[in-house]
Amino acid sequence: MQQQEQPKLKDLLEFPCKFTYKVMGYNKPELPDLVVEVIQRHAPGDYIPDVKPSGKGTYSAVSVSITATSIEQVETLYKELGEIDIVRVVL
């Protein structure tokens, strides 16, 4: 039996579309600003990040929704958000 190939992200999205990045990083005051700064470079706009600290307060989750225009934009943002020093995971 042939295994069905998983659909790729680019096949699941129709552009432009709303796309939310959830960035998990150390709970530092500059984290939301750093996330928005990277997003502004590729998807300029007015963003109000949603910030939720973890239970122990060591980490924060910063969620920002953008209007994505291409798969390249989505992938570039994943890469650059992941390169922020205090970021641990980008979902």
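What comes next concerns the included structure. Not measured: the values here are computed from a predicted model. (Residues numbered from 1 in each chain as written. Predicted model: local features only at pLDDT ≥ 70, side-chain atom pairs only at ≥ 80, totals over all residues. Heavy atoms only, no water.)

### Focus: the sheet that holds strand β4 (residues 87–90)
Moving on, step 1. The strand order β2-β3-β1-β4 describes an open sheet built from four strands, whose pairing is antiparallel. Both edges of this open sheet fall to β2 (50–53) and β4, since each of them pairs with a single strand only. Strand-to-strand twist of the sheet, defined as the mean angle between neighbouring strand axes without regard to direction, takes the value 25°.
Moving on, step 2. Sitting on the sheet, helix α2 (residues 31–42) is in contact with β1 (17–26), β2, β3 (59–68) and β4, with an inclination near 20° to β3. (Pairing = 2+ DSSP bridges. Helix = DSSP H or I, 4+ residues; strand = E, 2+ residues; numbered from the N terminus. Axes fitted to C-alpha atoms, helices over the stretch in contact; angles between N-to-C directions. Contact = heavy atoms within 4.5 Å.)

### Remarks on the packing of aromatic side chains
Moving on, step 1. In this structure the tally under the stated criterion is four aromatic pairs.
Moving on, step 2. The interplanar angle of 25° and the centroid separation of 5.1 Å between the aromatic rings of Tyr 26 and Tyr 59 together place this pair among those described as stacked. Here the residue Tyr 26 occupies a position in strand β1, and Tyr 59 occupies one in strand β3, the gap between them amounting to 33 residues.
Moving on, step 3. Look at Tyr 26 and you get partly exposed, because its relative accessible area is 28%.
Moving on, step 4. Among the aromatic residues, those joined into a ring-pair cluster are Phe 19, Tyr 21 and Tyr 78. (Phe/Tyr/Trp six-rings, centres within 6.5 Å; stacked < 30°, edge-to-face > 60°. Buried < 20%, exposed > 50% of the residue type's maximum accessible area, 1.4 Å probe, protein only.)

### A short note on the pairing of β3
Moving on, step 1. Counted residue by residue, β3 has seven buried out of ten residues, so it is predominantly covered.
Moving on, step 2. Across ten bridges, the pairing between β1 and β3 is antiparallel. The residue bridging Tyr 21 from the neighbouring strand is Val 64, located in β3.
Moving on, step 3. Relative to β3, β2 is paired through four bridges, and the arrangement is antiparallel. Each bridged residue has a counterpart across the sheet, and for Val 51 the counterpart in β3 is Val 62.

### Some details on the side chain of Ser 63
Moving on, step 1. Within the secondary structure, Ser 63 sits in strand β3.
Moving on, step 2. The class for Ser 63 is buried, based on a relative accessible area of 18%.
Moving on, step 3. Not counting chain neighbours up to four residues away, the residues in contact with Ser 63 comprise Thr 20, Tyr 21, Lys 22, Pro 49 and Asp 50.

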